[in-house]
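# Analysis of the macromolecular model
So the chains spell out like this:
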Amino acid sequence: MNLQDFVRVLRSRWITISAATLAVVLSAVVITLLTTPLYQASTRLFVSTSGTSLAETYQGNRFSQERVVSYAELLMGQTLAQRTIDKLQLDMSADTLQEHVTATAKPNTVLINVEVLDESPIQARDIANTLSDEFVGMVRDLETPEGDLVPDSRVVVEQRASIPESPVVPRPARNIAVGFALGIALGVGLALIRDLLDNTVKTQQQLEEITSAGLVGSIPLDKERRKQASILFENETSGIAEAFRKLRTNLQFLAVDNPPRVILVTSSMPSEGKSTTAINIALALAETEKSVILVDGDLRRPSLHKYLDLVGTVGFSTVLSGAASLDEALQKTRFPGLTVLTSGAIPPNPSELLGSQSARKLLNELRAKFDYVIVDSSPLLAITDAAILAAGADGVLIMARYGHTKREQLSHAVGSLESVGAPLLGAVFTMTPTRGRAGYSYNYGYYGEYTAQSPPAREPDAEPRSLAVEAISGTTTDSDSSVGRSAGRRRRSPD
Ligand SMILES: Nc1ncnc2c1ncn2[C@@H]1O[C@H](COP(=O)(O)OP(=O)(O)O)[C@@H](O)[C@H]1O
Ligand SMILES: [Mg+2]
């Protein structure tokens, strides 16, 4: 993974990262709130030995410095803890008190710091002071040789404890800062793991490798399409409209000697944008004043009539069953140039119906009547309907929903097209994210490009030659139209 990949992961998985950070920071806050506050009181002890001459004093000092290390241990010992508890009549065990006492000897000095932690600030002070006083007595007993009156070493409580004002535990600011740092680390870790485990199709390279076809279009996610599937191409310059125009242009360069006119739109799974894309490919083609018929080939879960507000009961299946003539079933739409053949009533045997000679004949009739026949279909996995239709089409466009379609699903779908010898025209990414375009650009950048100074012509027929030349030259700047690298590679020569 290079830096660019890393940045892409951070950008695309910002929700994971934010959620992890928030969760850990919240935990830190909860822990902080649940932590019993502890107060710390401290005293300082001074260790001295008596001596009159300078040499004696020096030696005494050395002696004290060596002593303080042992004294620190004794200060944290059980005997002293017990003595303190007895003296203060505390309701705790010596072990517990020991855990709350820390004595540190400063190197090369004769000073010892004693720190006592307690839930009560007053008790913390009392324990620190009593413990120190008791220690003074303890040292006196220990350091006075038998029969002697003067101890070899003496401890003085040089600084007594006072009541601590604020608790030392918890430390909210530190806890939250640590929580924040840990949260980000956890979030980034999770994001990287999720990216590693992500087996959805997300790059042009993946899409082209799996399908062995070129990317011929990337349709951005456009929330409007959920309310209204069709785009009003007239005067429409939105990103999605331009994406469909590019797709249209690319389609017209596929198999130039024998341009596909019956085009099947399919994908591996439901809800990958087949119907929406089919509608708008048809509309984009109709915009060029071609006559286009859009056929709902999804006889199980038809949706074109819903998306286009048409009558769904008379259509493909009705004509096949002979209950209506083709002309009766065709429905004009409010879009100039676009006619629709909806699915008709849902038949009990869709696959059989679609594989029938009548279906083939019907498609041929439509081919004769219209410039383009765009067929929407059911998903390729699970049912054979789309593959059956694909065999009768001039070409198939396979959709992959960005970050949603799994690699193996797509490859199975391509497999089922191959098994019927369907000519794959190209692959289309649907619902690609629009946010952070630059970050994603390499994912679905096109190969040949128009330059920024010459935006894609609205007329698809404009200067195909120069486009082709640019496509070959293979510039890789962002966006705009071109023919996918290996678009139409799979297309067989027509029988
Ligand atoms: N480009 C898009 N941007 C946003 N939503 C989309 C887009 N294409 C399709 N959708 C939505 O995705 C859902 C599935 O789309 P649909 O075309 O019905 O898929 P399919 O025919 O593959 O089942 C629908 O709610 C549709 O509105
Ligand atoms: Mg559909």
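Everything that follows concerns the structure shown earlier in this document.
Overview of the structure. All of these numbers come straight from a predicted model, not from anything done at the bench.

Checked against the element boundaries, T430 lands in strand 12 (residues 424-432). Look past the residues within four positions of T430 in its chain and what remains in contact with it is I219, E272, T277, M399, A400, R401 and Y402.

Taken together, the side chains of I193, L196 and L197 make up a nonpolar region of the molecular surface, amounting to roughly 360 Å² of accessible area. Looking at the element boundaries, L197 is found in helix 7 (residues 172-197).

Pairs can form between side chains of opposite charge once their charged atoms are near each other. Inspection of every chain in the model, using the stated rule, returns 18 salt bridges. Its salt-bridge partner being K227, residue E224 comes within 3.0 Å of it at the nearest N-O pair. Here K227 and E224 lie together in helix 9 (residues 224-227), a separation of three residues that amounts to about one turn. Residue classification places E224 among the partly exposed positions, given a relative accessible area of 40%.

With their axes 10 Å apart at the nearest point, helix 1 (residues 3-12) and helix 7 run at an angle of 105° to one another. With respect to their mutual orientation, helix 1 and helix 7 come out roughly perpendicular. Along the contact surface, helix 1 presents F6, R8, V9 and L10, while helix 7 presents V188, A191, L192 and D195. Classifying every residue of the contact of helix 1 with helix 7 by side-chain character gives six nonpolar, no polar and two charged.

Within the structure, ligand 1 sits among 16 residues, and D222, S271, K274, T276 and Y307 are positioned closest to it. K274 is positioned such that a nitrogen or oxygen atom in its side chain is 2.7 Å from an oxygen atom of ligand 1. Coverage of ligand 1 by the protein amounts to 85% of the 550 Å² it exposes when considered alone. Among the elements of the structure, strand 5 (215-220), helix 9 and helix 11 (274-287) are those that each provide at least two residues to the shell around ligand 1. A breakdown of the residues in the shell around ligand 1 according to their chemical character gives seven nonpolar, four polar and five charged.

Here we take up the sheet that holds strand 7 (residues 292-296). Taking strand neighbours across the sheet as the criterion, the eight strands line up as 5-12-11-6-10-7-9-8 in an open arrangement whose pairing is mixed. Looking at strand neighbours, the two that pair on one side only are strand 5 and strand 8 (331-332), the edges of this open sheet. Helix 8 (residues 204-211) rests against strand 5, strand 11 (395-401) and strand 12 of the sheet, and its axis sits at about 145° to strand 12.

About the criteria used
Residues numbered from 1 in each chain as written. Chains lettered and ligands numbered in written order. Predicted model: local features only at pLDDT ≥ 70, side-chain atom pairs only at ≥ 80, totals over all residues. Heavy atoms only, no water. Helix = DSSP H or I, 4+ residues; strand = E, 2+ residues; numbered from the N terminus. Contact = heavy atoms within 4.5 Å. Patch = residues over 30% accessible without salt bridge, like charges linked within 9 Å, V, L, I, M, F, W, Y side chains within 5 Å. Areas by Shrake-Rupley, 256 points an atom, 1.4 Å probe, with all protein chains shown as cover. Salt bridge = Lys/Arg side-chain N within 4 Å of Asp/Glu carboxyl O. Buried < 20%, exposed > 50% of the residue type's maximum accessible area, 1.4 Å probe, protein only. Axes fitted to C-alpha atoms, helices over the stretch in contact; angles between N-to-C directions. Parallel < 35°, antiparallel > 145°, perpendicular 65-115°, else oblique. Nonpolar A, V, L, I, M, F, W, Y, C, P; charged D, E, K, R; others polar. Near = heavy atom within 4 Å. Polar contact = N/O pair within 3.5 Å; in protein donor to acceptor, adjacent residues only side chain to side chain. Pairing = 2+ DSSP bridges.

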